[in-house]
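Reading the structure
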Amino acid sequence: MRNQWTNFYTGSVELKVTGTGIERFVNDLVRREIYLWDMKRLEDGSISFNMNIAHVHRMRRVLRRHPCKVAFMKRTGLPFLMRRLLFNSGFLVGFILFLVALFLLSNVIWNIEISGAKPETEHLIRKELAKIGVQKGKFQFTVDGSDEIQRKLSHEIGAITWVGVELKGTTYHLQVVEKKEPKRPVAKDRQNLVAAKKAIVRQVIVDKGKAIVSVNDFVKKGQLLVSANINTNQNTAKSEVLVPAEGKVMGEVWYISSVEIPLKTHFSVFTGKEYNKRALTFGKFAVPVWGFKKPDYREYVREESDKPLFFLGWKLPVAYKTITYRDKKNVVREYSKKEAIQKGKLTALKDLKKELPKNSSVIGQKVLHEGIENGTVILSIHYQVLENIAIERPIIQGD
């Protein structure tokens with residue numbers, strides 16, 4: 001017996017046969033392999049049955065040989081349903097547009113919630129989010145992913161230590177941890193200021209305590225600079241008063257930096273040209289929706305990003321994929337010896353400033369050695385730096 005469930009997709013009709021020789025007509029249909037089902041004998045002597053719509057033409061040819069009449073009672077199945085939908089195309093179009101609108105609205109950013117931030121910090125975060133395109137009304141698949149948003153916010157806003165970004169439905173939830181300024185340490189009752197490194201003293205500024213060194217003095221590491229012991233009366237030892245020494249001693253400190261600059265360098269740079277392809281992915285299968293040609297770049301970097309799509313809060317097995325091709329070219333940079341030396345000086349100075357303490361300044365530099373080995377300029381540079389060399393040292397019992 002043929003599977004009846006396939007009849008819905010192919011379509012079927014219910015027929016009523018009247019007249020004489022009905023049984024011979026039915027037997028003739030069966031002999032010609034025309035499948036019939038739900039056959040019934042009606043009260044008036046006629047017969048009703050169902051048959052596949054694809055066999056109607058064969059049935060008509062058989063009917064011409066018999067003195068019977070056939071009437072179509074009912075039509076069922078997908079073909080007739082599609083025909084009725086076409087007759088009611090306005091309803092069909094409206095239903096499709098409703099589903100499309102519902103799908104699009106399910107992938108729009110409707111709200112952005114920020115918790116754990118002060119009002120001024122929240123204002124900065126919302127301003128930065130608007131700058132990178134994360135705003136109410138934007139489609140979720142057109143903005144960066146949560147990890148990328150988190151990275152950009154952490155990099156651009158110095159007032160936050162950490163920010164967590166999570167997309168729930170149509171709302172972005174941001175959990176912020178702000179930086180807390182460390183409490184200023186309480187000054188110890190008794191402390192001296194000593195030299196952190198060897199230097200030549202250029203300036204002495206004492207807020208509390210007694211200066212032990214003078215300008216142009218050479219000091220070594222650990223040498224006393226400002227004493228906490230103030231003698232109010234030189235003739236009486238009991239008149240000594242201990243205070244927490246405070247101030248700064250600016251000293252000239254020496255650094256030697258070495259740097260190597262190749263005369264010829266090969267590297268790749270982006271030209272600024274890019275080509276985007278977009279597709280809808282169903283598992284490993286992708287349907288292109290934009291950008292069908294292959295970019296004509298000789299060399300490029302290919303980047304992919306997948307954004308899942310949602311419908312009424314449910315994650316669909318469909319993703320919006322963006323493929324970006326960035327044009328790049330190989331460049332050979334060549335320096336003359338003079339240019340390489342100048343570049344080396346700038347590089348060495350930049351690296352030195354990263355290691356110097358705050359409020360330091362470079363007051364002099366001198367090239368100690370320069371040479372070329374295997375196409376590379378090698379420099380050794382001596383720097384004179386003015387910085388605060390005073391550090392605190394507590395006075396313990398017995399000092």
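Each remark here, short or long, concerns the structure printed above.
Residues numbered from 1 in each chain as written. Predicted model: local features only at pLDDT ≥ 70, side-chain atom pairs only at ≥ 80, totals over all residues. Heavy atoms only, no water.

Time to look at the overall build of the protein chain. Looking only at helices and strands, the protein chain has eight helices and 22 strands in total. For 399 residues, the compact-globule estimate of 2.2 N^0.38 gives 21 Å, and the C-alpha radius of gyration of the protein chain, at 44 Å, exceeds that figure by more than 25%. Residue burial in the protein chain is summarised as follows: out of 399 residues, 32% are buried. Sequence-distant contacts in the protein chain: of pairs separated by 6 or more residues, those separated by 24 or more amount to 65%. On the protein chain, roughly 26600 Å² of surface is accessible, and the fraction owed to carbon and sulfur atoms is 54%. Computed over 67 positive and 41 negative side-chain charges, the inter-centroid distance for the protein chain is 8 Å. (Helix = DSSP H or I, 4+ residues; strand = E, 2+ residues; numbered from the N terminus. Rg over C-alpha atoms; globule rule 2.2 N^0.38 Å. Buried < 20%, exposed > 50% of the residue type's maximum accessible area, 1.4 Å probe, protein only. Contact = heavy atoms within 4.5 Å. Areas by Shrake-Rupley, 256 points an atom, 1.4 Å probe, with all protein chains shown as cover. Lys, Arg positive; Asp, Glu negative; His and termini not counted. Charge placed at Lys NZ, Arg CZ, Asp CG, Glu CD.)

With that settled, the discussion passes to the packing of aromatic side chains. As enumerated under the stated definition, the model contains three aromatic pairs in all. Relative to tyrosine 9, the ring of phenylalanine 8 has its centre 5.5 Å away and its plane inclined at 80 degrees; by these criteria the two rings are edge-to-face. For phenylalanine 8, a relative accessible area of 42% translates into the label partly exposed. Judged by relative accessible area, tyrosine 9 falls into the exposed class, the value being 52%. Considering the side-chain rings of tyrosine 300 and tyrosine 325, the 5.2 Å spacing of their centres and the 75 degrees angle between planes classify their relative orientation as edge-to-face. A residue pair is termed long-range when its members are at least 10 positions apart, and tyrosine 300 in strand E18 (residues 300-311) and tyrosine 325 in strand E19 (residues 314-334) qualify at 25 residues. A relative accessible area of 8% places tyrosine 325 in the buried class. (Phe/Tyr/Trp six-rings, centres within 6.5 Å; stacked < 30°, edge-to-face > 60°.)

With that settled, the discussion passes to the side chain of serine 227. By the element assignment, serine 227 lies in strand E12 (residues 224-227). Overall, the relative accessible area of 11% leaves serine 227 in the buried class. Filtering out sequence-adjacent residues up to four positions away, serine 227 remains in contact with Asn192, Gly209, Lys210, Ile212 and Ala245.

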